[in-house]
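# A structural walkthrough
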Amino acid sequence: MDLQSLVTLDNQTVLAKLSTSFEGLTHAEAEKRQALYGFNEITQKPYRLLIMEAISHSTNPLVAILLIAAGVSAFTGNVVSSVIIIIMVIMSIGLDYFQSHRSLTAMKKLQKNIASTANVLRDGQWREIPCRELVSGDIIRLVAGDLIPADSLLLKSKDFHVQQAALTGESLPVEKEAIQERGQPQNPEEARNAVFSGSSVVSGTATAVVVASGQNTQFGDIVKSLSKVAPHTEFEKGITRFGLFIMKVVFFLVVFVFAVNIYLKRSLLESLLFAVALAVGLTPELLPMITTVTLAAGAVHMAKKQVIVKNLSAIQNFGSIDILCSDKTGTITSGEMMLEQHMDPFGEKSENVMLLAYLNSLYGTEIPNPFNIAVLKKVNINPLDAAILKHDHPDVQTYHKVDEIPFDFERRRSSVVVDKSNSHLLITKGAPEFVICDCTHYDKAGEIKPLDDEIRKKIEATFLSLSEQGYRTLALAYRQIEKKPSYHVPDEKNMVIAGFLAFFDPPLQETPQIIKKLHKEGVKIKILTGDNDLVTRHVCQQVGLDASRMVLGEQLNHINDMALGEIAEEVDVFARISPMQKQRIISVLRTRGHVVGYIGDGINDVPSLHSADVGISVAGAVDVAREAADIILLKRHLGVLLQGILEGRKSFGNVMKYLMMGTSSNFGNMLSMAGAILFLPFLPMLPTQILLNNLLYDTSQIVIPTDNVDPSFARKPKHWDIDIIRKFMFYIGPISSLFDFITFYVMLKVFAATEALFQTGWFVESLATQTLVVFVIRSVKSPWQSKPSTPLIIMVLAIVLFATVLPFTSLAKFWGFVPLPPSYFLFLITATITYLFLVEMIKKKLMWKWLEEKQ
């Protein structure tokens with residue numbers, strides 16, 4: 001049954017349509033409905049089997065190239081080559097899987113929640129049952145502190161307030177009462193007599209009938225958005241584009257080399273193996289592992305700052321974020337009401353108003369002991385009363401409670417009667433429009449004067465001014481009252497208006513500073529909130545966001561996606577918007593090339609968390625919000641987001657180092673091999689030597705994640721751009737080939753090299769130049785101006801030393817190497833230094849300058 005169609009009906013009609021009564025359902029009827037409609041639970045996305053999870057990490061073009069190469073090698077009988085390739089693939093996939101699986105395991109533990117129960121009328125008796133057993137038509141009882149177990153309509157209520165922030169984004173509890181709506185509300189959540197799964201009872205009691213359960217609730221509708229496949233993030237798109245680019249280069253180069261070998265009538269098997277080795281040599285096969293290690297290092301840093309990284313690639317995406325969208329309540333603001341102003345009827349600060357407010361809150365039955373911190377934290381405390389009690393305490397020792405007149409929806413106020421020096425004083429606190437109408441006088445600096453129409457307008461103007469500034473405002477009134485045994489609603493008359501209380505959900509202390517820092521780092525903040533425009537504008541002004549242009553949810557319904565894309569880029573604040581409208585804004589920003597992060601913690605944030613490049617939530621968020629997020633903050637602190645963004649940019653920088661030096665060096669080597677087969681009577685390097693060269697080279701790069709990243713690189717958002725890698729490959733690659741051909745000439749003419757000596761000499765020179773070039777490429781600065789990490793220095797020099805010594809060891813014969821003459825090393829040192837100098841010149845004059853302009 002559709003809840004929105006029932007809110008305008010009387011109780012009897014609602015119960016009849018749900019085939020139930022005020023006596024509730026029988027156990028047998030409830031079981032029938034469970035069998036028909038299922039349990040009252042949200043089915044979460046199932047986790048994959050371990051083997052499927054592992055396989056998912058191998059589905060990228062780079063790994064595909066390697067697996068094909070391994071298969072061809074094994075099929076042609078070259079087991080050594082096949083084993084080496086498979087080891088590379090296992091190293092890449094294994095570490096990637098291990099890190100991601102650990103993160104998923106942590107999330108599973110985080111998402112375990114204690115089973116809750118509901119107070120239900122079954123077989124004519126009230127009983128506690130598990131929430132999952134609720135069905136449509138059940139009669140439930142709700143009291144302060146309860147989580148609402150299913151979408152329901154109120155049948156009876158008393159002083160009932162519900163916190164819907166998790167579902168709607170509203171910053172304050174809302175009043176609900178068992179009255180039928182006069183007309184259908186635009187959004188179901190606005191119905192006064194409807195309560196929803198995912199919200200909680202702040203105060204009061206109610207009896208309600210369950211209308212929708214499980215997947216059919218408003219909660220369930222939002223969760224369904226998780227079942228849709230999330231759009232590819234910037235990181236995933238970049239990896240895919242790079243993989244396809246490498247596949248194209250590999251394909252054309254391999255076809256060329258294989259065709260030339262066949263034309264020269266060389267062995268078909270040897271030609272095939274050589275072509276496969278070239279494919280492996282050109283593929284940065286450790287990219288998944290290098291990326292994972294880099295991101296894992298970032299995840300470790302983040303963990304120390306109380307952040308769980310659920311999805312490792314989110315750290316990379318962090319670095320690319322140029323727009324960070326945020327819900328307002330609990331992310332930009334503290335999520336708690338604070339008493340900011342207490343003033344007389346004309347806006348002047350008044351301590352008398354504070355005293356009256358404190359007495360009213362102190363002696364309300366909901367707060368028996370305001371000085372007990374534990375009591376202050378009880379969920380049934382009205383947040384506005386809690387705000388008053390947390391304010392500076394006036395001296396109330398001379399006052400004693402006599403009686404109270406509790407809050408109700410008709411009066412929209414509550415009153416207490418206190419005794420001081422044997423005199424009784426009635427103090428009323430409530431909605432200004434309901435309090436002022438029963439006042440006949442006003443208090444100005446202790447002087448009580450009659451309230452005429454002109455003064456009444458001035459007082460109302462004070463109230464309206466506070467509302468326009470985004471404050472939640474309450475009015476205070478009082479009157480001396482005659483002594484009697486008890487007091488009632490008719491006593492709230494002929495009162496003196498004392499003034500107003502202005503409440504506000506304040507921004508977190510560090511928010512303005514963090515927003516400035518994010519802006520400085522090239523990240524724009526946009527507020528997407530379901531709260532009203534007045535409150536939102538006030539918050540934005542306090543944190544330094546431009547709220548001069550604000551778009552409301554009702555306006556979005558009349559704007560197409562193309563126009564919304566332009567508006568969303570220019571406007572920083574959106575208020576009164578629904579969860580699906582938030583998701584739409586994020587989607588149009590992404591289609592315009594932006595990398596979007598979103599931070600939120602409520603059910604209403606789930607679609608946005610799912611659609612953003614980086615979804616960020618907090619440990620205290622609802623389960624589905626944590627499910628949808630990539631990053632979980634164990635404490636609320638926006639500074640962690642800034643650190644995450646900078647960490648992501650550093651990760652991006654280190655991955656780019658590997659890609660640019662790897663693809664350029666590999667391309668140069670493969671280009672050299674392709675050219676060498678045209679005039680050499682033998683292969684310039686054996687297939688197994690090519691694979692060993694590549695394995696040693698990649699091993700030297702495993703420690704790149706530990707490398708330092710220049711602060712200048714992390715100043716702006718970084719995006720994948722294959723054009724950068726392509727240009728770097730086509731500029732630096734030929735320089736590498738030039739030195740390879742010089743090596744060929746020297747080996748043949750100077751050393752009169754045999755086949756084995758030639759292959760050994762080129763193996764050592766190739767490995768030395770392509771590994772040492774990392775010290776040049778790793779920074780925009782000169783090598784001596786930017787210090788590499790110690791692990792990188794040690795690993796690179798160790799690999800070069802190993803390659804140099806290998807021909808002189810007992811392993812040389814296995815790989816087809818022979819000892820090199822001493823004079824060769826003079827040439828090696830000269831060639832390597834000259835090569836590094838040329839790369840430095842090109843990097844400075846062209847590539848890095850171009851890169852910085854592009855970024």
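My aim in this report is to walk through the structure given alongside it, one point at a time. Remember, predicted model here, so these are calculated numbers, not experimental data. (Residues numbered from 1 in each chain as written. Predicted model: local features only at pLDDT ≥ 70, side-chain atom pairs only at ≥ 80, totals over all residues. Heavy atoms only, no water.)

### Here's the deal with the nonpolar core
Quick reminder of the rule: The term nonpolar core refers to a set of buried residues drawn from Ala, Val, Leu, Ile, Met, Phe, Trp, Tyr and Cys, joined through side-chain atoms within 4.5 Å. Each residue is placed in one exposure class: buried if its accessible area under a 1.4 Å probe, protein chains only, is under 20% of its type's maximum, exposed if it is over 50%, and partly exposed if it falls in between. Any pair of residues with heavy atoms lying within 4.5 Å of one another is described as a contacting pair.
By size, the foremost hydrophobic cluster in this structure holds 87 residues, and its most contacted members are Phe-318, Phe-574, Ile-585, Ile-616, Ile-631 and Leu-633. When sequence neighbours within four positions are dropped, the list of residues in contact with Ile-585 reads Leu-528, Leu-556, Leu-564, Ala-568, Phe-574 and Ile-577.

### As for the packing of aromatic side chains
Rules: Two rings from Phe, Tyr or Trp (for Trp, the six-membered ring) form a pair when their centres are within 6.5 Å of each other. A pair whose planes differ by under 30 degrees is stacked, one over 60 is edge-to-face, and the rest are tilted. Helix and strand definitions here come from DSSP, where helices need a minimum of 4 consecutive H or I residues and strands a minimum of 2 consecutive E residues; each element is numbered from the N-terminal end. Charges are assigned to positions over rings by a cutoff of 6 Å between ring centre and Lys NZ or Arg CZ, combined with an angular limit of 35 degrees from the ring normal.
By the definition in use, this model includes 14 aromatic pairs. Taking 5.1 Å as the distance between ring centres and 35° as the angle between the ring planes, the aromatic pair formed by Phe-744 and Phe-758 counts as tilted. Taken together, the residues span a long stretch of sequence, with Phe-744 in helix 26 (residues 722-750) and Phe-758 in helix 27 (residues 755-772) at a distance of 14 residues. We classify Phe-744 as buried; its relative accessible area is 2%. Take Phe-758: its relative accessible area is 0%, and that puts it in the buried class. Between Phe-744 and Trp-762 the ring centres are 4.9 Å apart and the planes differ by 75°, which places this aromatic pair in the edge-to-face class. Remark: Trp-762 occurs in helix 27 and Phe-744 occurs in helix 26; sequence separation between them is 18 residues. Among the aromatic residues, ring-to-ring pairing joins Phe-682, Phe-741, Phe-744, Phe-758 and Trp-762 into one connected group. Over the face of the ring belonging to Trp-126 we find Arg-141, whose NZ or CZ atom lies 4.0 Å from the ring centre.

### Regarding a nonpolar patch on the surface
Counted only if it meets this: Patch membership requires over 30% relative accessible area and the absence of a salt bridge. Like charges are linked within 9 Å, and nonpolar side chains (Val, Leu, Ile, Met, Phe, Trp, Tyr) within 5 Å. A 1.4 Å probe and the Shrake-Rupley method give the accessible areas. Residues count as covered only by the protein chains that appear here. Between Lys or Arg on one side and Asp or Glu on the other, a salt bridge is scored when a side-chain nitrogen of the former is within 4 Å of a carboxyl oxygen of the latter.
Where nonpolar side chains cluster on the molecular surface, the patch consists of Phe-256, Leu-678, Phe-679 and Phe-741 and spans about 390 Å² of accessible area. With respect to the secondary-structure elements, Phe-256 resides in helix 8 (residues 234-263).

### Here we look at helix 21 (residues 579-591)
For clarity, the threshold we go by: Between the first and last residue of a helix there are one fewer steps than residues, each counted as 1.5 Å, and that sum is the expected span.
The end-to-end C-alpha separation of helix 21 is 19 Å, in line with the 18 Å expected for 13 residues at 1.5 Å each. For helix 21, every residue scored as buried is listed here: Pro-579, Gln-581, Lys-582, Gln-583, Ile-585, Ile-586, Val-588, Leu-589 and Arg-590. Phi turns positive one or two residues past the end of helix 21, at Gly-593, with a value near 90°.

### Some remarks on the pairing of strand 21 (residues 596-599)
The following threshold applies: Pairs of strands are assigned from DSSP output, requiring at least two bridges between the strands.
Of the two faces of strand 21, the one lined by Val-596 and Tyr-598 and the one lined by Gly-597 and Ile-599 are each fully buried. For strand 9 (residues 323-326) and strand 21, the ladder comprises four bridges, and the chain directions are parallel. From the neighbouring strand, Cys-325 faces strand 21, where its bridge partner is Tyr-598. Note: strand 21 against strand 22 (residues 614-618), three bridges, orientation parallel. In the strand pairing of strand 22, Ile-599 is matched with Ile-616.

### Brief notes about the pairing of strand 4 (residues 151-163)
Sheet analysis places strand 4 next to strand 7 (residues 200-212), joined by 10 bridges and oriented antiparallel. Residue pairing in the sheet places Lys-158 in a bridge with Thr-205 of strand 7. Relative to strand 6 (residues 194-195), strand 4 runs antiparallel, the two being bridged by two bridges. Paired with Leu-153 across the two strands is Ala-194, which belongs to strand 6.

### Notes on the environment of Gln-180
Here Gln-180 is to be found in the loop between strand 5 (174-175) and strand 6. Spatially, the C-alpha atoms of Gln-180 and Val-7 are 5.9 Å apart, while their sequence positions differ by 173 residues. Sequence-distant contacts of Gln-180, defined by excluding residues within four places in its chain, comprise Val-7, Thr-8, Leu-9, Asp-10 and Asn-193.

### Considerations on the sheet that holds strand 21
Stated precisely, the cut-off is as follows: A fitted line through C-alpha atoms serves as each axis, taken over the contacting stretch for helices, and the angle formed by two N-to-C directions is quoted from 0 to 180°.
One open sheet accounts for eight strands, arranged 8-23-22-21-9-18-20-19; its pairing is mixed. Edge positions in the open sheet fall to strand 8 (307-309) and strand 19 (550-552), since each of these has one partner strand only. Each strand axis lies, on average, 20° off the axis of its neighbour in the sheet, ignoring direction. As defined by bridge partners, strand 22 adjoins strand 23 (residues 631-633) across three bridges and the pair is classed as parallel. Looking at strand 23, one finds that Val-618 is bridged to Leu-633.

### Points about a positive patch on the surface
The line we're drawing: Counted as positive: Lys and Arg. Counted as negative: Asp and Glu. His and the chain ends are not counted at all. The location of each charge is read from NZ of Lys, CZ of Arg, CG of Asp or CD of Glu.
On the surface, a cluster of positive charge is contributed by Lys-517, Lys-520, Arg-715 and Lys-781. Structurally, the position occupied by Arg-715 is in the loop between helix 25 (687-701) and helix 26.

### Here's the deal with the packing of helix 25 against helix 27
Relative placement of two packed helices is described by the angle separating their axes and the distance separating the axes. As a reminder, the rule being used: Roughly parallel means an angle under 35 degrees; roughly antiparallel, over 145; roughly perpendicular, 65 to 115; everything else is oblique. If you view the pair so one helix is near and one far, a crossing is left-handed when the near helix is turned anticlockwise from the far one by less than a right angle, and right-handed when it is turned clockwise. Just so you know the grouping, Ala, Val, Leu, Ile, Met, Phe, Trp, Tyr, Cys and Pro go in nonpolar, Asp, Glu, Lys and Arg go in charged, and all remaining residues, Gly too, go in polar.
Helix 27 packs onto helix 25 with a crossing angle of 25° between their chain directions and a minimal axis gap of 10 Å. Classified by the angle their axes make, helix 25 and helix 27 are roughly parallel. Remark: the crossing between helix 25 and helix 27 carries right-handed chirality. The segment helix 25 lies against helix 27, with Gln-689, Leu-692, Asn-693, Leu-696, Tyr-697, Ser-700 and Gln-701 engaging Gln-759, Phe-763, Ser-766, Leu-767, Gln-770 and Thr-771. When its residues are assigned to classes, the contact of helix 25 with helix 27 shows five nonpolar, eight polar and no charged.

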